[in-house]
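# Structural overview for review
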Amino acid sequence: MRKRDHNVLTNAASLLVCGLLAGVVVAAAAFPAVAMSGLAAKAGAETFGALPTELTVARAPQISYLLASDGKTPLATMYDENRRDVKLADISPYMQKAIIAAEDHDFYKHNGVDINGVARAFVNNQSDGGRQGASTLTMQYVRLAIAYSATHPADVVAATEDTSARKLREMRLALQVDKEFSKDEILTRYLNLAAFGNGAYGIYAASQVYFGKPPSKLKIEEAALLAGMVKAPTTNDPTTESGYPAALERRDYVINNMFEIKAITQQEADAAKAVELKVLDKRTPNGCVAANVNSWGFFCDYFYRWWMQQETFGSTTYDRERRLKSGGYTVVTSIDVQAQRGADKAVRKAKSENSKEAAMVAVVEPGSGRVRALAVNRQFKLDDPKNGKNKISSDPAKSRKGIRGNYPATVNPLLTGGDGITGYQAGSTFKIFTIVAALEKGIPLSYTINAPQKFESEYIVERGSDAACPGTNKYCPTNSGLKPGGVQTMWSAFAQSVNTYFVPLQQQVGAENVVDAAKRLGINFRVSKENDWANDKAAAHDWGAFTLGVSAVTPLDLANSYATLAADGKYCEPIPVQEIRDPDGNKLDIANPRCEKRFSTEVARAAVDAARCPVGDNSSTSKCGSSRTAAVVKGIVDAPVAGKSGTTDSEKTAALVAMTKQYAVAGIMADPDWPQTNVRMLHKEKNGINPPVYETLRDAMIGKDRIQFEPPGQKISEGDQKSIPGVSCIAVDQAKSRLKDAGFEPLVSDTKVKSSCPPGTAHGTSPDGRTIKGGVVTIQVSNGGGGATPGNPGGGQPGNTGRPGGRPGG
């Protein structure tokens, strides 16, 4: 900005002529000298004081751009007005000359008001009774700037109404603007503010909408067309049948004027007019329903909801939305194009968009909380209420009324929650929270429990309910397949998903502590009743089925909870952004990860060590056993992996989590329209939830390093080891007493072994030697048939001895 000296009498003369145009008809010859001097004084005292702030500070609404994490792939644009300010150096010289040729030939000669033009307009208007204008570019800028900065509709009318008072004010301000700003600054401001029709405001948007190029690349004929539109964008709209001839005529008029002001040669003018007028009519997409890729709309919507919660962008939701749609931000979101494309493909491979079952996958980056992908087999759009295309709801109550469901099209936040979406039961994936709580209580991974087929717990439920033990009011969980789990450790029980291991373990550590671990890992309780329980220790203490995943959870929260463990116990709030810059290029801190250490590194690593078992992986410390619920994951992803599958009663939902050090992927298959569905949700089948999860992780990991999970230390893995007393060839009751006195939990094996000990006596124990204090020690009983030497026949390992492992429980 630079101030230029203006002669006071020149400005006064300008205002005199302005008065004539405004209807102040006073003969110049009869104008008293005192009036001239008074006008000069008025000009110095009022007209040329400080400019109103709207002409110096306010920035017109700017479009915000959303990009993928690579900083270049478009995700979406959001705007109230499609405008992006550019510098004059980024505007084609042809465009600069074209607007001057179209609107103000003497722009670089006058002082904001063209006295000759005003006088000429006055004479013409007096002679033919017309309304010929004489607005300079500077005056037009003043009018636009005041209108855009108005905070009330009446102010907009006052800034644009056709009255003498408005014109006089406009001219006074134009003189001052010309004094405050350089000509190039005024030209730049005008070109960034002007409307060009079809939702294009400012030269950047106009060049994109009509020609699909930046304004620096505009040719003569293109610049002339745009310059010719600002006076009447609707009348001169080249995209309409009626406006095309007018736009062409106006374009050629501007080209002729460009030659007249010597901006181009006659040869250039002729060549430009000979070019056929072609425009794109490419109105810039607006909002998440117009995302660059439709399926990315779910991620875009998550970003929008996140933005609307950030007080940084305003104290009210209205203010925050205005900042997003008018603030001109460049937002590099966290969406990973490779991971997102893989997820989109995988969920649609499992289930079509017309399927009532929703295959939902969320991907979170451990250590930052950045959400890398959100995918579901749905179209992100509103179903037309007057001409609906969606299928009839799967909910019988709604179906009978002819109410349509949310497939194939919806804008509901199925993956992230909100607007009535509370989540879905994720089954045995919740058992990881019991492991974490137990580890925090000092219970190691090798802790053994004899898991029966049915476990009578201390939790109280409704007498006679399906969950109660027969004839009691005690919660009585069973294992999948109605088979006993046998003696299990955390490793083997998690690998096989043994319900009757985890319910007694939760009972031992306190369900309230398991719920607290889930909360600290990132689980949000969106069902009102469940939220009340989770925040009431007494109620949480009695939540017996919590470890089996009966609480509603979104795929995003589930992925983030496991990501916290992969990040060695560092919780990070899920965020959809990587970088946010304002129109001036300043980075905003709001995009930085928000993380805190919530669990010890050892606890997190031990939990991950157990989680390697279900998905077919091992570490140097893992003792997983041979049965695993999702063993194929390791081979398909071809990287160190951890995770867990989950199934609910009657298989109304199915879930799988699989993660590496770089990505945590959680998938849930459910019917969002009717959670009580009678459809069986599948796991391992090609139309189950497992393939979308491990295929998403596989594709996300293409080209990425294979980073090993760090194994936990010996103490948290094995605990305090104690020597097991010898029991060979003594009575079974005596062996039980000896083991009990030593601090172990004795269990008599149902299967007798060949031994040189007398039949019916103790042959030995499994394990033998040493095991965890308080752990289960199985007494092996001799059949007296000779053979194995008393002691440990062939060695035992927790999890591989005792009763046979049951079928996976989810």
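Each chain carries its own residue numbering, running from 1 in the direction its sequence is written. Local features in a predicted model are, by the rule used here, given only for residues with pLDDT of at least 70; side-chain atom pairs are given and counted only at 80 or more, and totals for whole chains, interfaces and linings are based on all residues. Only hydrogens and water are set aside when side-chain values are computed; all heavy atoms of the structure are taken into account.

### Thoughts on the overall build of the chain
Strands here mean DSSP runs of E at least two residues long; helices mean DSSP runs of H or I at least four residues long; both are numbered from the N terminus. Across its full length, the chain holds 28 helices and 24 strands. Whether two residues are in contact is decided by their heavy atoms: any pair within 4.5 Å suffices. Within the chain, counting contacts between residues at least 6 apart in sequence, those at least 24 apart form 72% of the total. Total accessible area computed for the chain in this model is approximately 33,500 Å², and 49% of it derives from carbon and sulfur atoms. Areas reported as accessible are Shrake-Rupley estimates using a 1.4 Å probe. Residue values count occlusion only from the protein chains shown.

### What to know about the sheet that holds strand β22 (residues 762-766)
A strand pair is defined by DSSP finding two or more bridges across the two strands. The strand order β21-β24-β22 describes an open sheet built from 3 strands, whose pairing is mixed. One side of each edge strand has no neighbouring strand; the edge strands of this open sheet are β21 (745-753) and β22. The average angle at which neighbouring strand axes cross in this sheet is 30 degrees, direction not considered. Relative to strand β24 (residues 776-782), β21 runs parallel, the two being bridged by 6 bridges. The partner of V748 across the bridge, within β24, is I779. To get an axis, a line is fitted to the C-alpha atoms, and for a helix only the part in contact is used. The angle between two axes follows their N-to-C directions and goes from 0 to 180 degrees.

### With respect to the packing of aromatic side chains
Planes of paired rings set the category: under 30 degrees apart is stacked, over 60 is edge-to-face and the rest tilted, where pairs are Phe, Tyr or Trp rings (Trp by its six-membered ring) whose centres lie within 6.5 Å. In this structure the tally under the stated criterion is 15 aromatic pairs. Here the aromatic rings of F313 and Y329 are separated by 6.0 Å at their centres, their planes lie at 75 degrees, and the arrangement is edge-to-face. Taken together, the residues F313 in the loop between α13 (297-307) and α14 (317-326) and Y329 in the loop between α14 and β5 (330-333) connect sequence positions 16 residues apart. An identical accessibility class is assigned to F313 and Y329; each is buried. Ring pairing ties together the aromatic residues F430, F433, F525, W533, W543 and F546, which thus form one cluster. Sitting over a ring, as applied to charges here, requires NZ of Lys or CZ of Arg to be within 6 Å of the ring centre and within 35 degrees of the ring normal. Here the basic side chain of K183 rests over the ring of F107, its NZ or CZ set 4.7 Å away from the ring centre. Above the ring of F181, the side-chain terminus of R189 is found at 4.2 Å from the ring centroid. With a 1.4 Å probe rolled over the protein chains alone, any residue whose accessible area is under 20% of its type maximum counts as buried; one over 50% counts as exposed, and the rest are partly exposed.

### Here's the deal with the sheet that holds strand β7 (residues 371-376)
Spatially, the 5 strands line up as an open sheet ordered β7-β6-β19-β18-β17, and their pairing is antiparallel. With partners counted over all chains shown, the strands left at the sheet margins are β7 and β17 (642-647), one partner each. Going across the sheet, the axis of each strand differs from the next one's by a mean of 5 degrees, ignoring polarity. Of the pairings in the sheet, the one linking strand β6 (residues 358-364) to β7 comprises 5 bridges and is antiparallel in character. When the sheet's bridge partners are listed, V363 is paired in β7 with A373. Helix α15 (residues 337-350) contacts β6 and β7 of the sheet and is inclined by roughly 20 degrees relative to β7.

### A closer look at the pairing of β24
Most of β24 sits out of view: 7 of its 7 residues are buried. Of the two faces of β24, the one carrying V776, T778, Q780 and S782 and the one carrying V777, I779 and V781 are both buried. Two strands pair when backbone bridges link them, and β22 and β24 are joined in this way by 4 bridges, in the antiparallel orientation. Its bridge partner being in β24, A762 is matched across the sheet by V781.

### Things to note about unusual backbone geometry
With omega at 10 degrees, the peptide bond leading from Y407 into P408 counts as cis. Tracing the backbone shows P408 in the loop between α16 (396-400) and β9 (409-410). In this structure, P767 follows S766 across a cis peptide bond, with omega equal to -5 degrees. With respect to the helices and strands, P767 occurs in the loop between β22 and β23 (770-772).

### Let's talk about the pattern of salt bridges
Salt bridges are counted wherever a side-chain nitrogen of Lys or Arg sits within 4 Å of a carboxyl oxygen of Asp or Glu. Summed over all chains, the structure comprises 30 salt bridges. The residue D557 makes a salt bridge to R526 at a minimum N-O spacing of 2.8 Å. Of this pair, D557 sits in helix α23 (residues 555-566) while R526 is found in the loop between α20 (511-521) and α21 (528-534), placing the two residues 31 residues apart along the sequence. Judged by its relative accessible area of 30%, R526 falls in the partly exposed class. The salt bridge partner of D568 is R605, with a shortest N-O separation of 3.2 Å. Here the residue D568 occupies a position in the loop between α23 and β14 (570-572), and R605 occupies one in helix α24 (residues 601-611), the gap between them amounting to 37 residues. The exposure class of R605 is partly exposed, given its relative accessible area of 22%.

### Digging into the environment of R598
Relative to the elements of secondary structure, R598 occurs in the loop between β16 (595-597) and α24. Take R598: its relative accessible area is 25%, and that puts it in the partly exposed class. R598 sits 34 residues away from T564 along the chain, and the two C-alpha atoms are 8.6 Å apart. Those residues within four positions of R598 in sequence are excluded, and the remaining contacts are K519, R520, G569 and Y571. A polar contact is formed between the side chain of R598 and the backbone oxygen of R520, at a distance of 2.8 Å. Two N or O atoms count as a polar contact when they lie within 3.5 Å, although within protein this holds only if one can serve as hydrogen donor and the other as acceptor, and sequence-adjacent residues are included solely when both atoms are side-chain atoms. Within the structure, R598 has its side chain in polar contact with the side chain of E596 (distance 2.6 Å).

### A short note on the state of the cysteines
Sulfur atoms of two cysteines make up a disulfide when they are within 2.5 Å. Considering all chains together, one arrives at 5 disulfides under this definition. In this model C288 forms its disulfide with C300; the gap between the sulfur atoms is 2.1 Å. Disulfide C288-C300: the torsion about the S-S bond is -75 degrees, which places it as left-handed. Taken as a pair, C288 in the loop between α12 (266-274) and α13 and C300 in helix α13 lie far apart in primary sequence, 12 residues in all. Linked covalently through their sulfurs, C469 and C476 form a disulfide whose S-S length is 2.0 Å. Disulfide C469-C476: torsion about the S-S bond near 90 degrees, hence right-handed. Like C469, the residue C476 is buried in the burial classification. Cysteine pairing for the chain, with bonded cysteines counted in sequence order: 1-2, 3-4, 5-6, 7-8, 9-10.

### Description of the nonpolar core
Where a protein is soluble and globular, its nonpolar side chains tend to be buried together. Counting 103 residues, the largest nonpolar core has W307, I435, Y501 and I580 as its most contacted members. Apart from residues lying up to four places away in sequence, W307 is in contact with F313, R320, R323, L324, Y329, V331 and I580. The set of buried Ala, Val, Leu, Ile, Met, Phe, Trp, Tyr and Cys residues whose side-chain atoms join them within 4.5 Å is what this entry labels a nonpolar core. Counting 56 residues, the second largest nonpolar core, distinct from the first, contains L193, L218, I220 and A227.

### Brief notes about the packing of helix α11 (residues 243-260) against α12
Running from N to C, α11 and α12 cross one another at 170 degrees; their axes reach a closest spacing of 9 Å. As far as their axial angle goes, α12 and α11 are roughly antiparallel. Contacts between α11 and α12 involve R251, D252, I255, N256 and F259 on the former and, on the latter, Q266, A269, A272 and K273. Put simply, Ala, Val, Leu, Ile, Met, Phe, Trp, Tyr, Cys and Pro go in the nonpolar bin, Asp, Glu, Lys and Arg in the charged bin, and everything else, Gly too, in the polar bin. For the contact of α11 with α12, a count of residues per class yields 4 nonpolar, 2 polar and 3 charged. Any angle that is under 35 degrees is reported as roughly parallel, and any over 145 degrees as roughly antiparallel; angles of 65 to 115 degrees are reported as roughly perpendicular and all others as oblique.

### So, the packing of helix α17 (residues 431-440) against α24
Running from N to C, α17 and α24 cross one another at 140 degrees; their axes reach a closest spacing of 9 Å. With respect to α24, the element α17 is oriented oblique. α24 is crossed by α17, and the crossing has right-handed handedness. Counted together, I432, I435, V436, L439 and E440 of α17 and V603, A606, A607, A610 and A611 of α24 form the full contact between these two elements. The residue inventory of the contact of α17 with α24, partitioned by class, reads 9 nonpolar, no polar and 1 charged. In this scheme the handedness of a crossing depends on how the near helix is turned from the far one: anticlockwise by less than a right angle means left-handed, clockwise means right-handed.

### Description of helix α8 (residues 183-193)
The buried fraction of α8 amounts to 8 of the 11 residues, a majority that puts the element mostly inside the structure. Along α8, the residues that are buried comprise K183, I186, L187, T188, Y190, L191, N192 and L193.

### As for the side chain of S717
In this fold, S717 is placed in helix α27 (residues 714-718). Residue contacts for S717: discarding those within four places in its chain leaves P444, L445, S446, W491, T621 and P712.

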